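# Breakdown of the fold
One letter stands for each residue in the lines below.
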Amino acid sequence: MNTLIYVSCLGFFCMIAEILNQRKLIIPVLVLALAVIFGLNLSDWNHGQTYFNNMVQVDNFSVAFSGLAIFITLLLFILASEFYAASDTHISDYSAIIIFILCGALMMFNFNNLAMLFIGIETLSISLYVMAGSRRFEVKSNEAGFKYFLMGSFMSGFLLFGIALIYGASGTFYLDKIYQYTQTNSAILPVTFHVGAVLIVFAMLFKTSSAPFHFWAPDVYEGSPTLITAMMSTLVKVAAFAAFYRLISHTFLYVFPSVETVIAISAVLTVSIGNFIALNQTNFKRLLAYSGISHAGYLLLAIISLRGNTESSLLYYAVGYSVSTLAAFSVAMLVFKAAGNENIDALNGLGKKNPLMAATLTMAMLSLAGIPPFAGFFGKYYIFSEAMKNGYFYLVLVAIINSIIGVFYYFKPILAMYGQPANEIEVKTNYANNLVLWVCLALSLALGLFPDLIVGLL
Amino acid sequence: MTENILNEMNLIKPAMLIPLLPLLGFFITSLFGKQLKHASGWIASLAILVPFICSAYIFMNTDAATSFEVPIFDWIAFGKFSIPFAFLIDPLSILMLLVVTGIGFLIHIYSIGYMHHDEGFSRFFSYLNLFVFFMLLLVMGNNYLVMFIGWEGVGLCSYLLIGFWFKNQSYNDAAKKAFIMNRIGDLGFLLGMFFLMMMFGSLEYKTIFSKASEIPVGAGLIVITTLLLFVGAMGKSAQIPLYTWLPDAMAGPTPVSALIHAATMVTAGIYLITRSHVLFALAPFTSDIILIVGVATALFASIIGLKQNDIKKVLAYSTVSQLGFMFAALGVGAYKTAMFHVLTHAFFKALLFLGSGSVIHAMGGEQDIRKMGGLRKALPITNFTFLIGTLAISGVPLFAGFFSKDEILANVFVHSNLFFAVLVLTSIITSIYMFRVYFLTFSGEFRGTDEQKHHLHESPATITIPLIILAVLSTVGGFLGLPSVFHATHKLNAYLGNVVPSLSEHEVSHNFEYILMGSLTAIVFIIIFAVFNYFISKKNMPEANEEVMNPVGRFIYNKYYVDEFYNAVFVRPVMLLSDIFLVLIDKLIIDLFVNALAWLAISLGKGARLIQTGNTGFYVFAMVISMIVLLALQFII
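Residues numbered from 1 in each chain as written. Chains lettered and ligands numbered in written order. Predicted model: local features only at pLDDT ≥ 70, side-chain atom pairs only at ≥ 80, totals over all residues. Heavy atoms only, no water.

Moving on to the overall build of chain B. For chain B, the helix and strand inventory stands at 27 helices and two strands. Taken over 637 residues, chain B has a buried fraction of 56%. Taking contacts inside chain B between residues at least 6 apart in sequence as the whole, the part at least 24 apart equals 81%. Looking at chain B as shown, the accessible area adds up to about 26,300 Å², and 70% of this sits on carbon and sulfur atoms. (Helix = DSSP H or I, 4+ residues; strand = E, 2+ residues; numbered from the N terminus. Buried < 20%, exposed > 50% of the residue type's maximum accessible area, 1.4 Å probe, protein only. Contact = heavy atoms within 4.5 Å. Areas by Shrake-Rupley, 256 points an atom, 1.4 Å probe, with all protein chains shown as cover.)

And the structure:
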């Protein structure tokens, strides 16, 4: 809880810095403060408590995911120092909004009340609509922001409707009380409760960019500024999945059969659509968007097999995926800036021009494709084996076939970097970016070699 | 007792250091080779010298009763089955450690001079260090699996070093041939380990050897196991039928031939069998096979040696033949004698190879003895040391080879007269071809070009000093194992006595020993005179090409056409089969299937893209339809 308060204060700091004309201070202070908050957050480990009349519940699950979210944001701010260096204004606004996205995400990790969940999701989403459209003079960015806003608010309606139906049936917003209600009345639950649960699941599927509610993702990812795309595909996706997991494991265990089919169908559609469409992509950002969709499908397997306590697998996968995706985006950001377009061709010959960047991107692609010894491989391994244990053999089969197909498009950038003659584009690197690259490279390898670092945590 | 344990505790650290340093040397020379330039040669040598000192230290602080283990870590452990990564220090492994690091160090020093102008200088030393590391693992392991790691590792290094000058395709082919032939042997070794696992449930020496006493002599399983282990030894130690790779392996730089293909790696097979003597003692049938293979190899290889004109090829066939001698000793159960010959052979064969390297160096790469001659004057040190090596291998009294070869002959005589006669014949042939090489190279008139004559020079000190040291060892090395007729103790037998039991019943009478030594010595001197007379006094030359040879000579010159035979019977049919699989199975069936799948996936992807229209209205419509369908699935159907 304190973590959330500290982070919110950082948002206000950004705005005050604007008033005091101290814009240059913003990013260094944010990076430092986030590092401190990361440490403070860990002090809640094993000291879970409830706050605000039980509306917020801090436990190890929320502490672990909050830590991950803060870490991702920290890396994003390091990248932001370069990304916003050229743009003249608004650095304080942008930073503040990004901080508020983090606030929304933190709420989504430790809610114990459906109202709190809604507030979290809306805080995150509304900030994100703004950031998606933050390149005001670019048509694509405007389009992305507006599309996201339209569809997002449409689905928020369903979320709200689902919450209302559940309140109508159970008479409470509290997760633990809803759980007790389903426990005592499990035989005679009204159909409105079931419908409400499914509607909430629809909304969560939308937030996690799972099919058939994924339509927004490729367009919005492509149109948004690259830094925000990186944020959407890491921080936001992790937040959505953590919230999804928490919601179902705390509330819907007794109505699980009614949401199970929906999640299973969605999982199959998501991995298939994500991987198959990605095969023909030439735009790297769009490729990563579809990659994100397919990974959402794998993560759905962790949700569906949550009876086996897959928290650890979910966390491990989330860390591995975020690190790899961030690495890919931090390379992409510089290359696309230099190239002026976002095609895979822009990467041609990077292996010779900048070995560090090429190595990091290669690592990221291999990890996302699920090739050992990187974290992506063990993430998939844990999730698949959990799903197998819970009897979802065919789901795992589809997922495995799809991850084989995925290898094809993950190798496209690698082949471009090492197999193609170098192009004319001169990529300028900087210390901040190299730092992020090294951190991602080291983490992905370390997690791949020593999965126990995270797997045993939860 | 406590004193002993304390003593062993003190020796654990040096023992760990022994394999560690060459590995470290490998990393340093391979990672920083470019920066180090010629310093890498000295670093690599130091990485062998220190282990040699450690080995000597262990040797001095232990006695023949020593046997202790150095645990490194638990390597594989599941269920009841566990294999530790641990070393065994006993007289046998200490002896091998001294040979590997001692001769290894001399050859490293030699290589600094020999490889000085080579562009791959650092790479050469990194491979050499890696080789020594694996060789040390091979002899130090306390179980068969660690030995197998070393076994495979030295095979790899042998491959890398034979193909060291990889720009020459025929060298690459030689490297491949060595590797593949060794793999055939390795398969035998591997299967042998599976059988050991099955029979004893462990791969550790002490467990296996203590349980082996429960097995009856000649039991079927133990015969199969020992035969399989012997197949492994055949590959590594170049015995019939897996010997053809060793002469081709001379494509590598000469120090490699000396270290790997004469002194150390090729004796791994003898080490394997000596180490497992408990098992082989239980399988008399296998021992007979070893004896037959050993004797046959010794004879056939030495005959080929008579007709070769490449100085290194002669030495290579000589190595194969000498290895045959050692296997003959193993076959009659004279394990200690085999190890004795391993030791003396390591001295004089390394010396001969290094001497030939010095000659090749002076001749600017020329290896054909028909184009040499009279090098005595230009290369006095090389001449003198090579002569000592030749005397030692021919079995002239007082030189190292005399004692060990005499011991083998005496042991075989007790076992079988026929094999004894064959080995005596082989021994005579050995003296003939070795003196043929010596006289053609160093005596008479120079037969090379004027330019070569102009460049003739004695090699630098880094080359001559190892030669001198090895010459001394080849002279005095034999005194480690004086036969009982001289009323002296057989030091090596006493040292190895606790590891390998004695064969007391196989003692020959002293009179026979006198006759054997006397007659062999007389024969060698007659041969020296005859060969000198034939090649130098009468100035006969080996035939210029095979057309002028008689049929028998041509048959021997072409190595009995064994390579051609293997090509026709094994290589070509395998190639043909592989072509058939390539065209029919791979291209036609598998590729087609896989490509069709890929095409399907891409087309599906193209189709699926169409739903991503970019139209928000359509998106919302699709989502609503999906929701209706899903809700319907859930609640209506």
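Resuming the write-up.
Considering all chains together, one arrives at 18 salt bridges over all chains under this definition. Between Asp90 of chain B and Arg275 of chain B there is a salt bridge, with its nearest N and O atoms 2.8 Å apart. Remark: Arg275 of chain B occurs in helix 12 (residues 268–275) and Asp90 of chain B occurs in the loop between strand 2 (81–89) and helix 4 (91–114); sequence separation between them is 185 residues. Each member of the pair, Asp90 of chain B as well as Arg275 of chain B, is classed as buried. Between Arg183 of chain B and Glu152 of chain B there is a salt bridge, with its nearest N and O atoms 2.1 Å apart. Highlighted residues: Arg183 of chain B in helix 7 (residues 169–200) and Glu152 of chain B in helix 6 (residues 144–162), separated in sequence by 31 residues. What emerges from the salt-bridge pattern is a single network uniting Lys140, Glu143, Lys147, Asp219, Glu222 and Arg286 of chain A. (Salt bridge = Lys/Arg side-chain N within 4 Å of Asp/Glu carboxyl O.)

This brings us to the nonpolar core. Counting 204 residues, the largest nonpolar core has Tyr144 and Leu279 of chain B as the members making the most contacts within it. Leaving out residues up to four positions away in the same chain, Tyr144 of chain B has contacts with Phe189, Met193, Leu196, Leu203, Tyr205, Ile208, Phe209, Leu272, Ser276 and Leu279 of chain B. In this structure, Ile163, Phe206, Ile293 and Val331 of chain A belong to the second largest nonpolar core, which totals 195 residues. (Core = buried A, V, L, I, M, F, W, Y, C linked by side-chain atoms within 4.5 Å.)

Within the secondary structure layout, Ser330 of chain A lies in helix 13 (residues 311–339). When neighbours within four sequence positions are excluded, Ser330 of chain A is seen to be in contact with Leu79, Asn433, Val436 and Leu437 of chain A.

Right, let's get into the interface of chain A and chain B. Counting from both sides, the interface comprises 32 residues of chain A and, opposite them, 23 residues of chain B. Between chain A and chain B, the buried area comes to about 2,400 Å², and carbon and sulfur atoms account for 79% of it. Across the chain A-chain B interface, the total number found is zero salt bridges. Listing elements by their share of the side of chain A that touches chain B, those giving two or more residues are helix 6 (139–170), helix 8 (191–207), helix 9 (216–223), helix 11 (256–278) and helix 12 (284–304) of chain A. (Buried area = accessible area lost by both parts, 1.4 Å probe.)

In this model, chain A carries an average pLDDT of 89, and 99% of its residues clear a pLDDT of 70 or more. Considering each helix and strand of chain A separately, the mean pLDDT is smallest for helix 19 (residues 452–455) of chain A, with a value of 80, and largest for helix 5 (residues 114–132) of chain A, with 94. (pLDDT = per-residue confidence, 0-100.)

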